[in-house]
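# Per-entry structural report
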Amino acid sequence: MVEWSENERSIISNIFSNLDYNDVGPKALVRCLVVYPWTQRYFSSFGNLYNAEAISTNPKVAAHGIKVLHGLDRALKNLDNIKATYAELSVLHSEKLHVDPDNFKLLSDCLTIVIAGKLGSAFTPEVQATFQKFLAVVVSALGKQYH
Amino acid sequence: MVEWTDAERKAIIGLWGKIDVGEIGPQALSRLLIVYPWGQRYFKAFGDLSTNAAIMGNPKVAQHGKTVMGGLENAVKNLDNIKQTYAKLSAMHSEKLHVDPDNFRVLAECISLCVAAKFGPSVFTAEVQEAWQKFLSVVVSALGRQYH
């Protein structure tokens, strides 16, 4: 089971309490689709993803980015039980959406870049270590039900 | 061979021009040693790495961070021949320094995060990130090439 120090809980909680989901969610997903273009394959129903400009103004991408980021709320509220919390979502991504679980890490890297850009000098090595640990646990839980 | 679009070349060279090697280099290496502490095994000769504060204030870490970051200059100047440019450095990291090549990828990640934090999203846009990470992954690949 994952152990969290009081300090780590506090850092994670602070990041999310100061987060504009409607801004960060879309930005993270846009970056993922631009920086790792093969991820666009999951979003062929989203319309125009032809270039970075189109992706960054696509309303379906924005809406989905917000949805995915809110999905992290569950982990935030259940830090001591992330694996069980994401069991259903993991099954969904595996059996229904057929998402290659490598992509979870790619999106989490893009989210980290967006948070780093937002926090600037407040994105200390300690904050980085804690946030990356949190995302790694989420990514692992999302991949757990794959077979 | 790696193909670079004009936009990618422009993004990489543009971003490199803004980067202060003496600032980003030490930050990136400190982050590596803090966030991935097993990396400290390569720096026993550097003295006190016992706390985050010690690492961030350690002058040998700072100097070495600057050296490593400065090494990227060669890649920026030789975008069409990075593999050849790093052949000797690769052999050195493998045969003399015995560095696990996974660490190159991890340091590249730390460099990107330092750059994102320093310049923010208006400079480090999605397109610039794509070009920069592609550049770093080519460098990482070249550094691992002579390993056996």
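Note that the coordinates shown come from a computational prediction; the quantities given were computed from them, not determined experimentally. (Residues numbered from 1 in each chain as written. Chains lettered and ligands numbered in written order. Predicted model: local features only at pLDDT ≥ 70, side-chain atom pairs only at ≥ 80, totals over all residues. Heavy atoms only, no water.)

Turning next to the interface of chain A and chain B. The interface of chain A with chain B comprises 19 residues on the first partner and 21 residues on the second. Both sides of the chain A and chain B interface together cover about 1700 Å² of buried area, and 61% of this is carbon and sulfur. Ranking the residues of chain A by area buried against chain B places R31, I113 and P125 of chain A at the top, with a combined share of 34%. The interface formed by chain A and chain B includes one salt bridge. One can count nine residue pairs in polar contact (both at pLDDT 80 or more) joining chain A with chain B. Listed by contribution, the elements that provide at least two residues to the side of chain A that touches chain B are α2 (21-35), α7 (102-119) and α8 (125-143) of chain A. The element contributing the most residues to the side of chain A that touches chain B is α7 of chain A, with six residues. (Contact = heavy atoms within 4.5 Å. Buried area = accessible area lost by both parts, 1.4 Å probe. Salt bridge = Lys/Arg side-chain N within 4 Å of Asp/Glu carboxyl O. Polar contact = N/O pair within 3.5 Å; in protein donor to acceptor, adjacent residues only side chain to side chain. Helix = DSSP H or I, 4+ residues; strand = E, 2+ residues; numbered from the N terminus.)

The interhelical angle for the contact between α8 of chain A and helix α2 (residues 21-35) of chain B, taken along N-to-C directions, is 50°, at an axis separation of 9 Å. Judged on the interaxial angle alone, α2 of chain B and α8 of chain A are oblique. Considering only the axes of α8 of chain A and α2 of chain B, their crossing is right-handed. Residues P125, Q128, A129 and Q132 of chain A of α8 of chain A pack against R31, I34 and V35 of chain B of α2 of chain B. Its residues placed into classes, the contact of α8 of chain A with α2 of chain B shows four nonpolar, two polar and one charged. (Axes fitted to C-alpha atoms, helices over the stretch in contact; angles between N-to-C directions. Parallel < 35°, antiparallel > 145°, perpendicular 65-115°, else oblique. Left-handed = near helix turned anticlockwise from the far one by under 90°. Nonpolar A, V, L, I, M, F, W, Y, C, P; charged D, E, K, R; others polar.)

This part takes up the UniProt feature "domain: Globin" (unreviewed entry) in chain B. Here the UniProt feature "domain: Globin" (unreviewed entry) sits at residues 3-148 of chain B. Along residues 3-148 of chain B one finds 73% helix and 0% strand; the C-alpha atoms at either end are 26 Å apart. (UniProt positions renumbered as here; feature names shortened; annotations may be inferred.)

Right, let's talk about the UniProt feature "domain: Globin" (unreviewed entry) in chain A for a bit. Residues annotated by UniProt as "domain: Globin" (unreviewed entry) correspond here to residues 3-147 of chain A. The span residues 3-147 of chain A carries 71% helix and 0% strand; its end-to-end C-alpha distance comes to 27 Å.

Under the definition given, this model contains ten aromatic pairs over all chains. Geometrically, the ring pair formed by F16 of chain A and F131 of chain A is tilted, given 6.4 Å between the ring centres and 50° between the ring planes. Of this pair, F16 of chain A sits in helix α1 (residues 6-17) while F131 of chain A sits in helix α8, placing them 115 residues apart in sequence. Across the pair, exposure class does not vary: F16 of chain A and F131 of chain A are buried alike. Judged by centre distance (5.7 Å) and plane angle (65°), the ring pair of Y36 of chain B and W38 of chain B falls under edge-to-face. Classification of Y36 of chain B as buried rests on a relative accessible area of 14%. (Phe/Tyr/Trp six-rings, centres within 6.5 Å; stacked < 30°, edge-to-face > 60°. Buried < 20%, exposed > 50% of the residue type's maximum accessible area, 1.4 Å probe, protein only.)

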